[in-house]
Amino acid sequence: MPLIKHDIFINAPINVCFDLARDVDVHTVTTIKTKERAIDGVTVGLMENGDTVTWEATHLGVKQKLTAKIIEMEKPYKFTDVMVKGVFHSFTHTHEFIESGTGTIMKDIFYYKSPFGILGVIADRLFLEKYMRNFIVKRAKELKRIAEKMEPHQYSFLEKSTL
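First, a word on scope: everything that follows refers to the structure included in this document.

**Things to note about the overall build of the protein**
A tally of helices and strands in the protein yields three helices and seven strands. Counting helices and strands in the order they occur from the N terminus, the protein gives β-α-α-β-β-β-β-β-β-α. Summarising its shape, the C-alpha atoms of the protein cover approximately 50 × 30 × 25 Å along the three principal directions. Residues counted as buried form 45% of the 163 residues belonging to the protein. Within the protein, residue pairs in contact and separated by at least 24 positions form 48% of the contacts whose partners lie at least 6 positions apart. Total accessible area on the protein stands at roughly 8,900 Å², and carbon and sulfur atoms take up 56% of it. Charged side chains in the protein number 23 positive and 21 negative. The centres of these two groups are separated by 7 Å.

**Examining the sheet that holds strand 2 (residues 37-41)**
As summarised here, the arrangement of the seven strands in space is 1-7-6-5-4-3-2, forming an open sheet in which the pairing is antiparallel. Among the strands making up the open sheet, the edge pair consists of strand 1 (3-10) and strand 2. Each adjacent strand pair in this sheet contributes to an overall mean axis angle of 25 degrees, direction not counted. Seen against the sheet, helix 1 (residues 14-21) touches strand 1, strand 4 (62-74), strand 5 (78-85), strand 6 (90-100) and strand 7 (103-113) and runs at an angle of roughly 160 degrees to strand 6.

**Quick look at the pattern of salt bridges**
Inspection of every chain in the model, using the stated rule, returns eight salt bridges. The partner of Glu48 in a salt bridge is Lys75, with the nearest N and O atoms 2.8 Å apart. Separated by 27 residues along the polypeptide, Glu48 in the loop between strand 2 and strand 3 (52-59) and Lys75 in the loop between strand 4 and strand 5 bring together distant segments of the chain. In this structure Glu48 comes out as partly exposed when scored by relative accessible area, which is 30%. Its relative accessible area of 48% is what places Lys75 among the partly exposed residues.

**A word on the nonpolar core**
Residues Ile10, Leu20, Phe79, Phe97 and Met106 are the most contacted members of the largest nonpolar core, which totals 26 residues. For this core, the element with the highest residue contribution is helix 1, accounting for six residues. In this structure, Ile4, Phe88, Phe110 and Phe135 belong to the second largest nonpolar core, which totals 12 residues.

**A word on the side chain of Thr31**
For Thr31, the location among the structural elements is in the loop between helix 2 (24-30) and strand 2. In terms of polar contacts, Thr31 uses its side chain to reach the backbone carbonyl oxygen of His27, at 2.7 Å. The contact partners of Thr31, leaving out residues within four places of it in the chain, are Glu36, Phe135 and Arg139.

**A closer look at the packing of aromatic side chains**
By the definition in use, this model includes eight aromatic pairs. Ring geometry for Phe18 and Phe79: centres 5.7 Å apart, planes at 90 degrees, overall edge-to-face. Linking Phe18 in helix 1 with Phe79 in strand 5, this pair joins segments that are 61 residues apart in sequence. The same class applies to Phe18 and to Phe79, which are both buried. The rings of Phe88, Phe91, Phe110 and Tyr112 are connected pair by pair, giving a single aromatic cluster.

**Remarks on a nonpolar patch on the surface**
Together, Leu60, Phe116, Ile118, Leu119, Val121, Ile122, Leu126 and Phe127 give the surface a local cluster of nonpolar side chains, amounting to about 870 Å² of exposed area. Considering the arrangement of structural elements, one finds Phe127 in helix 3 (residues 117-149).

Rules and cut-offs
Residues numbered from 1 in each chain as written. Predicted model: local features only at pLDDT ≥ 70, side-chain atom pairs only at ≥ 80, totals over all residues. Heavy atoms only, no water. Helix = DSSP H or I, 4+ residues; strand = E, 2+ residues; numbered from the N terminus. Buried < 20%, exposed > 50% of the residue type's maximum accessible area, 1.4 Å probe, protein only. Contact = heavy atoms within 4.5 Å. Areas by Shrake-Rupley, 256 points an atom, 1.4 Å probe, with all protein chains shown as cover. Lys, Arg positive; Asp, Glu negative; His and termini not counted. Charge placed at Lys NZ, Arg CZ, Asp CG, Glu CD. Pairing = 2+ DSSP bridges. Axes fitted to C-alpha atoms, helices over the stretch in contact; angles between N-to-C directions. Salt bridge = Lys/Arg side-chain N within 4 Å of Asp/Glu carboxyl O. Core = buried A, V, L, I, M, F, W, Y, C linked by side-chain atoms within 4.5 Å. Polar contact = N/O pair within 3.5 Å; in protein donor to acceptor, adjacent residues only side chain to side chain. Phe/Tyr/Trp six-rings, centres within 6.5 Å; stacked < 30°, edge-to-face > 60°. Patch = residues over 30% accessible without salt bridge, like charges linked within 9 Å, V, L, I, M, F, W, Y side chains within 5 Å.

Next comes the structure, spelled out in structure tokens:
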């Protein structure tokens, strides 16, 4: 089961980083290259513990749907989502936030298991693990860009206009 870990420092308060990471609208902005959009469950705004969202996106040239559920939330330090339906056999994605100096360290910890047994293991080694790592890193960099361009007066309410 591949494990992808990524840490990034964001020069913004922890509550801002936490809220941006669980905002459906922000997610669509940070995944623009895969054309992700929420089509069921929570489709706008902030996700809470127990919420589900179904994403439609194009990955590796294939349009696909994936439903994820938030199974754990400790505001503003951590939340975990798991796949309940989709192309993977399974995945667990934990998002952690740690106050650090003038900002926040955001940590992504992503475990996944590919479908198709040994063929999935081969796909992981050939391309899938690298693809997933790049996807997580690019999304984190976009979230950092959004958070760091926000003005303090925008922190209390995450407006689409700030994206």
